[in-house]
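# Inside the fold
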Amino acid sequence: MEKPTVLVVDDDREIARAIGKLLEMEDCKVMKAYNGMEALDIVSTQSIQLIILDIMMPKLDGLSATMKIRQSKNIPIIILSAKTEESDKILGLSMGADDYITKPYSPAELVARVKSQLRRYMQLGAIDGNTNKKQIVIGSLCFDCDAMQVLVDGEPVKLTATELKIVELLMRNAGRVFSAEEIYRRVWEEDGFAVENTVMVHIRHIREKIEINPKEPKYLKVVWGIGYKIEKF
Amino acid sequence: MGIKLKSFSRAMPVKAILMLIAGVCCGVVVGYGASLITWQQLYELYASIQLEDLAIPAVALVAGLTAIVWLFFVTGRTGKDEDVHLILIDRLYTEITVIIGGLVGTLLVYILSAIADQIFYAGERVISYDDACASIGLLSVVFGAGSILFLEVLLSLTRRLKNRTFLKHSILYKLIFIIFDFLKSIFDDRNFRNYSFQKGMFYRQMVFLVAEGILLFIFVLSVLSGTGFLAFAALFLGVVLVYWYVKGNNRVLEDFGKLGEQIEKISGGELNYNPSISELSAVYPMSQKLGSIRDGLLKSLEEQMKGERMRIDLVSNVSHDLKTPLTSIISYVDLLSKEENLTPEVRDYVNILIQKSNRLKNIVTDLFELARTTSGNAEIHQEQLSVKKLLIQTMGDMEDRIESAGIPIKASISDEPMRIVADGNKMYRVLQNLLDNALKYSMVGTRIFLSLEPRGGNAVIAIKNTASYEMDFSAEEIVERFTRGDKARTSEGSGLGLAIAESFVAAMGGQMLVDVDGDQFKVQVLFPLLAQEEWTEEESYEEKEKSELETAGPK
């Protein structure tokens, strides 16, 4: 298979170079840009499978660049930024980015996220062709209703029956918060007592299986003091 | 010898004895004198009066007079100083004392006349000599007692004279003083000379009072002299004057009301209010000054906001400036570690670099988190949470960390449903920080105690652990930024954990208390409990959207 080309955009040359090296070690072809305008240039002229984009750049910042790229291309974009507030993340994602990593990042995590996005992108073609398939797609997560299985970046994940039911419930109602009691009632189909612990354990296991970084989950989130949900994208 | 006598003569007991002597002597003189006269009336034998009969009354007279004179000299003076000392009875106004004196005097005169009656009756042989003497004796006793009282009244007046307060302490004097003072206050502008507003009001009042006084005078004169027209004119003018004065006063009151409102608005923070006080009003200058105070306030507020904005920009700018080189370091150290052909020594160096740069990353991240929260800049999304759920979720989330630390957590969570208003994510961070802290620094073999209970209107989360090192710091110190209990440790924490927890808790409206007791370390987090009436329905998720809820099934 052809090596995917990743465009790394950051006005800090050393960081761009380090990321480039990191990705080359993971079998990617890397191109670099140092501001938003250069990025747009490259995107329009070259075949790119993934963009890693810094926000604070001269000439054209990362968010505007994201908006512009999204006007014509569907390439996965990972935003890399020093801004860590929840609102910054939401802003970036709502502009059209697929993922958001904060600086300083852990190189291992960056690599994992890149790979995840690439896998998804590659699979996208395969999935699109099969319109008969009933699926719920949220980001890299895909719930296959017919096969009754969960795929992460196109790869099936081994979940227990209970875990599967929980994921299905949360994915079908993505964005809604469910309390532990509610989850228990719907999945176990009986009223339980002191179910918080039980449900939490299952949630944790699911997270470890589907999230790139279970400590910083992207999809299956705990709404502290209330319940759980799967984020809607 | 002279001094000794002086102080002796002024001593209290001596005075008391003197009074007694005076009273007795008066009684004796009167009594004896009266009975002698009665004898005379009866028997008209002047010649039979012996010298011996006169002896006792004479002695009494002399003694009495001496005592009285002595007292008058000595009254009001103690042996201790040269001042005139007053006693309680002296508190009465001079006139009152005189009146009392008059009354007592009248009583004495009455007794004397009663005695005189007795003498007369005896002379007329209406009563016997012995009866007369008995009554005289009784009356004399009363006279003696009464004369002590009379004497005291006179002494009181004497003291006042000696004190030079005889006049000053009279009612008349006080009355005159009040009137004088009042008149003076009308005309004396000393207090107001510097304040144009008060001065104006003061003169206005003075003019009014003087004019009214004159008009009243004219009115009275003309009424007395029968000039009806003049009287009427004076009356009329008087009324007009009152009208003018009151109207003016009301206007000023109104303006004061507006001024008061202006002050209210400024103190209430509403700095855009402009009162409608006319330029002609006496209150106008004051209103202007208030206006300039308000302007000053506005300006300082703006400056403060500007300062805040600059600080926020600084924090985020510096944040960016710090994180960028740090990112480079971490990236390149990582690349280094991926190089092959490193000598074991170099690999060791690289590992150290990785460890340290990660530590630095933690500190920087925590530091900016803390800065943002304390500057009030962090986003806080307050919502209703169940504390119990929060705790269980957190513990479940941290289970692997708990297991690997090997320190069991004993939780005692109240069954009572408790809700608070806080930011879920931040609460999770707080609890995570606190539990992490406890796990990291607990002695192996001990347990961590976690409890949740309602107390005094608050939900209280308490985490207690036994420290694995000597805690020679105070509760405040450990929460201070960068203080770490075990100073020798080089693990990954940034030392800001407790400080961040505290600032998060404070930002959400709660309270965090740290208590160090020997080896026991206790942290408590308190949040006000939300009253059940204010709970939003948890069921709303369930009931409201039951129909909308999708479940697995054939489609």
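Definitions and limits used
- One numbering rule holds for all chains: residues counted from 1, following each sequence as written.
- The order in which chains are written sets their letters, starting at A; the order in which ligands are written sets their numbers, starting at 1.
- Given that this is a predicted model, residues contribute local features only at a pLDDT of at least 70 and side-chain atom pairs are listed and counted only at 80 or more, while totals for whole chains, interfaces and linings are drawn from all residues.
- Heavy atoms throughout the structure, all of them, feed into the side-chain values; hydrogens and water do not.
- Axis lines are fitted through C-alpha atoms, for helices just across the contact stretch, and the angle between N-to-C directions can take any value from 0 to 180 degrees.
- The numbering of helices and of strands both runs from the N terminus, where a helix is a DSSP run of H or I of at least 4 residues and a strand a run of E of at least 2.
- Angle categories are assigned with fixed cut-offs, so that under 35 degrees is roughly parallel, over 145 is roughly antiparallel, 65 to 115 is roughly perpendicular, and the rest are oblique.
- Handedness of a helix crossing follows the sense of rotation of the near helix relative to the far helix, less than a right angle counterclockwise being left-handed and clockwise being right-handed.
- Under the grouping applied here, Gly and all other residues not named as nonpolar or charged are polar, the nonpolar ones being Ala, Val, Leu, Ile, Met, Phe, Trp, Tyr, Cys and Pro and the charged ones Asp, Glu, Lys and Arg.
- UniProt positions are given in the numbering used here, feature names are shortened, and annotations may be inferred rather than shown by experiment.
- The pairing criterion is simple: DSSP has to find at least two bridges between the two strands.
- Note on contacts: a residue pair is in contact if any heavy atoms of the two residues lie within 4.5 Å.
- Summed over both partners, the accessible surface that disappears when two parts come together, traced with a 1.4 Å probe, is what is meant by buried area.
- Should a side-chain nitrogen of Lys or Arg be within 4 Å of a carboxyl oxygen of Asp or Glu, the pair is scored as a salt bridge.
- Identification of polar contacts relies on pairs of N or O atoms within 3.5 Å, with a donor-acceptor requirement for protein atoms, meaning one able to donate a hydrogen and the other able to accept it, and with residues adjacent in sequence counted only if both atoms are side-chain atoms.

### Notes on the packing of helix α4 (residues 94–123) of chain B against helix α5 (residues 129–163) of chain B
Residue and element names in this part refer to chain B.
- One can describe the packing of α4 onto α5 by two numbers: an axis separation of 9 Å at closest approach and a directional angle of 160°. Relative to α5, the element α4 is oriented roughly antiparallel. In the crossing of α4 with α5, the sense of the turn from one axis to the other is left-handed.
- Grouping the constituent residues of the contact of α4 with α5 by class yields 19 nonpolar, ten polar and no charged.

### A word on the UniProt feature "transmembrane region" (unreviewed entry) in chain B
Residues and elements named next belong to chain B.
- Summarizing the sequence annotation, UniProt attributes the feature "transmembrane region" (unreviewed entry) to residues 12–34, 54–75, 96–116, 136–158, 170–187, 202–221 and 228–246 in the numbering used throughout.
- With 100% helix and 0% strand, residues 96–116 has end C-alpha atoms that lie 30 Å from one another.
- Its end C-alpha atoms 26 Å apart, residues 170–187 is made of 94% helix and 0% strand.

### Comments concerning the sheet that holds strand β8 (residues 149–152) of chain A
All names here are of chain A.
- Read from one edge of the open sheet, four strands run β6-β7-β8-β9, paired in antiparallel fashion. With one partner strand each, in any of the chains shown, β6 (135–138) and β9 (155–157) form the two edges of the open sheet. Within this sheet the neighbouring strands show an average axis-to-axis angle of 30°, counted without direction.
- Inspection of the sheet shows β6 paired to strand β7 (residues 141–144) by four bridges, in the antiparallel sense. Considered in β7, the bridge of Q135 is made with D144.
- Here helix α6 (residues 161–172) sits on the sheet and contacts β6, β7 and β8; the angle it forms with β7, its principal contact strand, is near 110°.

### Structural notes on the interface of chain A and chain B
- Contacts between the two partners involve 45 residues from chain A and, on the opposite side, 43 residues from chain B.
- Of the roughly 4200 Å² buried where chain A meets chain B, counting both sides, 55% is carbon and sulfur surface.
- The largest share of the area that chain A buries against chain B comes from E85, P104 and W224 of chain A, three residues that together contribute 18% of it.
- Residue D397 of chain B is joined to R207 of chain A by a salt bridge in which the shortest nitrogen-to-oxygen separation is 3.2 Å.
- Put simply, chain A and chain B have 13 residue pairs in polar contact (both at pLDDT 80 or more) between them.

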